[in-house]
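What follows is each chain in one-letter form.
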Amino acid sequence: MPHDRFTRRRFLGRASLAIAGLHAGRGLLAAPVSSRSHTAEIDILLNEPIGTIAPELYGHFAEHIGGVVYDGIWVGEESSIPNIGGIRKELVTWMKRLRPAVIRWPGGCFADRYHWRDGIGPRDKRPRRYGRWNDVTEPNFFGTHEFIRFCRLVEAEPYLAANVGTGTAEEYQAWVEYCNAPAGATTIADERVANGSPDPFRVRYWGVGNESWGCGGNFTPETYCAEFRKFTTWLPAYGVALFLIASGPSGNDKNWTARFFQRWADYTHAPLQGWSPHYYCGTAGEALKFTTDQWYELLKSANGMEGLITDQWDVMGKFDPKHEVRLVVDEWGAWHKAGTEINKAHLFEQMSCLRDALIAALTLDTFNRHAEKMAMGNVAQLINNLHSLFLADGDKFVATPNFYVFEMYKPHQGAKAVRAVVQSEKVGYSAGGERHEVFGLAGSASVRDKALTLTLVNPHMEEAVAAKLRIKGGAVRSARRVLLTHAKPDAHNTFDNPNELVPRTDEASVSGSAFVLDLPPKSVTRWDLVLG
Ligand code: AHR
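Residues numbered from 1 in each chain as written. Predicted model: local features only at pLDDT ≥ 70, side-chain atom pairs only at ≥ 80, totals over all residues. Heavy atoms only, no water.

Details of the site of the ligand
Here is the rule: Proximity is defined per residue: if any heavy atom of the residue lies within 4 Å of a molecule or strand, that residue is considered near it. Here a polar contact means two N or O atoms within 3.5 Å. Within protein one must be a hydrogen donor candidate and the other an acceptor candidate, and residues neighboring in sequence count only if both atoms are side-chain atoms. Here the open area of atoms and residues is found with the Shrake-Rupley method and a 1.4 Å probe, where only the protein chains shown may cover a residue. When residue character is reported, Ala, Val, Leu, Ile, Met, Phe, Trp, Tyr, Cys and Pro are called nonpolar, Asp, Glu, Lys and Arg charged, and the others, Gly included, polar.
Looking at the ligand, the residues that line it are Phe-61, Glu-63, Gly-108, Cys-109, Trp-133, Asn-210, Glu-211, Tyr-280, Glu-331, Trp-335, Gln-381 and Leu-386. The separation between an oxygen atom of the ligand and a polar side-chain atom of Asn-210 is 3.1 Å. Contact with the protein chains removes 93% of the 280 Å² of surface that the ligand exposes when unbound. Of the residues that constitute the shell around the ligand, the class distribution is six nonpolar, three polar and three charged.

Structure representation (structure tokens):
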């Protein structure tokens, strides 16, 4: 379909033709799509690959905090809640739908007080310790073996965060040996065997401290770098290609990064593969109560991930010009004020709604667009916490809209990201008595064989976007749209109403190398485009 001159009327006319079989099911297209509409242009450049989207960019994080581990993941073998060796069965079933590549554990701030030996051996003999968050008691029922079993059940790689704040290099190196040495190799390996795991765990991903600028020890970048070097010198590898991750800055603090890397480059470079900034976009209003301006304000804040990635990458490149170290954003998400917890004992638990789903989609799109820079991303946190994919309380369990975004974005995992240039009018809003602007459309594209996957976030509260798509270097034979939207911006799933906000799939009657995509207001869409 040639698209030279595009009048608005033609544009909208084509937009309404674009979807065949569109149905106004629950939560779908409550307003007629083309009543008010913005225009946008998307160019997909199939011959401009960015890099492979590491499946690890869609990673997870589970900390011993509030209801994440106890109640969320671990219910115990004696529980009446269906479990697999103590691990919540329903969580395993839902996680497997995502093909999760990696899970980070045991923290977070918890990691820098955690002594791994407390969590091995017979469960009834394990010590009870100060649990750090809100002075709870940590029973250590869920330790290294239980975590590895959880990872194996959901087919994810484990990512362990070592204690630099209150631990020693010796303790850390012994943990690596415990996990990775073959049976019979050392006394520590034999201890693992005696604890029921003859095969080494072969853990590849190791974080060395967490937020070392803060809860992880209040280090300066220079003193942390010295610790990092000490901890990682001559690690036992046992044939595992270890991927070592250093604690990056709070948000986009370029000074922390420059000072760490300056010190790192001063010596013979210590082994280092990943650099981990954390980025919480915060909140605007409350989890389920916000104005239209606050909706846009938070989306704009979430879009700060773009600048964080490019800025951090630039600073790192000054000391690591070949870019051998890649980014690991191992904590990200919205952080709302308390008040929507389903269980008051679940510290930081928040209800995620449509706005959070758009934040998740926007973030994953940002990671995709920087596939060559990113080694991993971990949403904080898996269950019963900030920006969670699941909520559970006793025998009740529900998947949040964030889960559905991760599921929608699954085809990107392992595919080749290609450049997608999106041009759209910005959206204006007010915050702090001033006018601001936020992107009018964002997204990413990837290719695997003949499958072109395009994901898009339309942030407009009221207005659809009619996006003129041009594919350079290929043409589409058939298409399908998966859509996540709702008439209410605070729509969310509850135990009683678990399907309030779930994606719907429609066949789309588009073909060729140029056509118009219809993007409803406040929506996430995935376009499955089959190249001819
Ligand atoms: O995710 C909750 C906490 O936020 C983590 O423990 C810490 O790393 C971050 O500050």
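Moving on, there is more to tell.
Points about the nonpolar core
Put simply, the test is: Here, the term nonpolar core denotes a set of buried Ala, Val, Leu, Ile, Met, Phe, Trp, Tyr and Cys residues that are joined through side-chain atoms within 4.5 Å. Three exposure classes are used, based on accessible area relative to the maximum for each residue type with a 1.4 Å probe and protein chains only: buried under 20%, partly exposed in between, and exposed over 50%. A run of DSSP states H or I qualifies as a helix once it reaches four residues; a run of E qualifies as a strand once it reaches two. Both are numbered from the N-terminal end. Note on contacts: a residue pair is in contact if any heavy atoms of the two residues lie within 4.5 Å.
Judged by nonpolar contacts, the single largest core of 127 residues is most densely connected at Phe-150, Trp-206, Phe-260 and Phe-390. With nine residues, the top contributor of residues to this core is helix H10 (residues 354-369). Each residue touching Phe-150, except ones within four places of it in the same chain, is listed here: Ile-73, Ile-87, Leu-91, Val-92, Ile-103, Phe-142 and Leu-382.

A closer look at the sheet that holds strand E22 (residues 476-484)
For clarity, the threshold we go by: The pairing criterion is simple: DSSP has to find at least two bridges between the two strands. Lines fitted to C-alpha atoms define the axes here, with helix axes fitted over just the stretch in contact, and angles between the N-to-C directions of these axes take values from 0 to 180 degrees.
With mixed pairing, nine strands are arranged side by side in an open sheet as E23-E22-E25-E20-E19-E16-E1-E21-E24. On the outer flanks of this sheet lie strand E23 (504-508) and strand E24 (514-519), each paired with one strand and no other. Pairs of neighbouring strands in the sheet enclose a mean axial angle of 25 degrees, with direction left out of account. Both strand E21 (residues 464-472) and E24 contribute to a ladder of six bridges, which runs antiparallel. Opposite Arg-470, over in E24, you have Ala-514 as the bridge partner. In the packing of helix H11 (residues 401-408) onto the sheet, contacts are made with E22 and strand E25 (523-531), and the angle to E22 comes to roughly 170 degrees.

Focus on unusual backbone geometry
Here the bond from Trp-105 into Pro-106 is cis, since omega is 5 degrees, no more than 30 degrees from zero. Structurally, Pro-106 can be placed in the loop between strand E5 (102-105) and strand E6 (129-130). A cis geometry characterises the amide bond from Ala-380 onward to Gln-381, with omega recorded as -5 degrees. For Gln-381, the location among the structural elements is in the loop between strand E13 (374-380) and strand E14 (390-393). Here the phi dihedral of Asp-135 falls at roughly 55 degrees; this positive angle occurs in a residue that is not glycine. Note on placement: Asp-135 falls in the loop between E6 and strand E7 (137-138).

Some words on the packing of aromatic side chains
The criterion, for reference: The criterion for an aromatic pair is that two Phe, Tyr or Trp rings (for Trp, the six-membered ring) have centres within 6.5 Å, with stacked assigned to planes under 30 degrees apart, edge-to-face to planes over 60 apart and tilted to the rest. Lysine NZ or arginine CZ positioned within 6 Å of the ring centre and within 35 degrees of the ring normal marks a charge as sitting over the ring.
Per the stated rule, a full pass over the model turns up 38 aromatic pairs. Where Phe-261 meets Trp-275, the ring centres are 4.8 Å apart and the plane angle is 70 degrees; that geometry is what we call edge-to-face. Within this pair, whereas Phe-261 is found in helix H7 (residues 254-266), its partner Trp-275 is found in strand E11 (residues 274-282), the two being separated by 14 residues in sequence. Grouping residues by exposure puts Phe-261 and Trp-275 together as buried. Between Arg-355 and the ring centre of Phe-290, over which it is positioned, the NZ or CZ distance is 3.8 Å.

Examining the state of the cysteines
Short version of the rule: What counts as a disulfide here is a pair of cysteine sulfur atoms lying within 2.5 Å.
Scanning all chains against the criterion turns up one disulfide. What pairs with Cys-109 in a disulfide is Cys-215, and their sulfur atoms sit 2.1 Å apart. Taking the torsion about the S-S bond as the criterion, the Cys-109 to Cys-215 disulfide, at about -85 degrees, is left-handed. Of the two residues, Cys-109 is situated in the loop between E5 and E6 and Cys-215 in the loop between strand E9 (205-208) and helix H6 (221-232); the sequence distance between them amounts to 106 residues. Exposure remark for Cys-215: the relative accessible area of 27% places this residue in the partly exposed category. Of all cysteine sulfurs in the structure, the one in Cys-179 sits closest to Cys-151, which takes part in no disulfide; the separation is 11 Å. Residue Cys-151 is classed as buried on the basis of its relative accessible area, which comes to 0%. The thiol of Cys-225 is not disulfide-bonded; the next cysteine sulfur, from Cys-215, is found 19 Å away.

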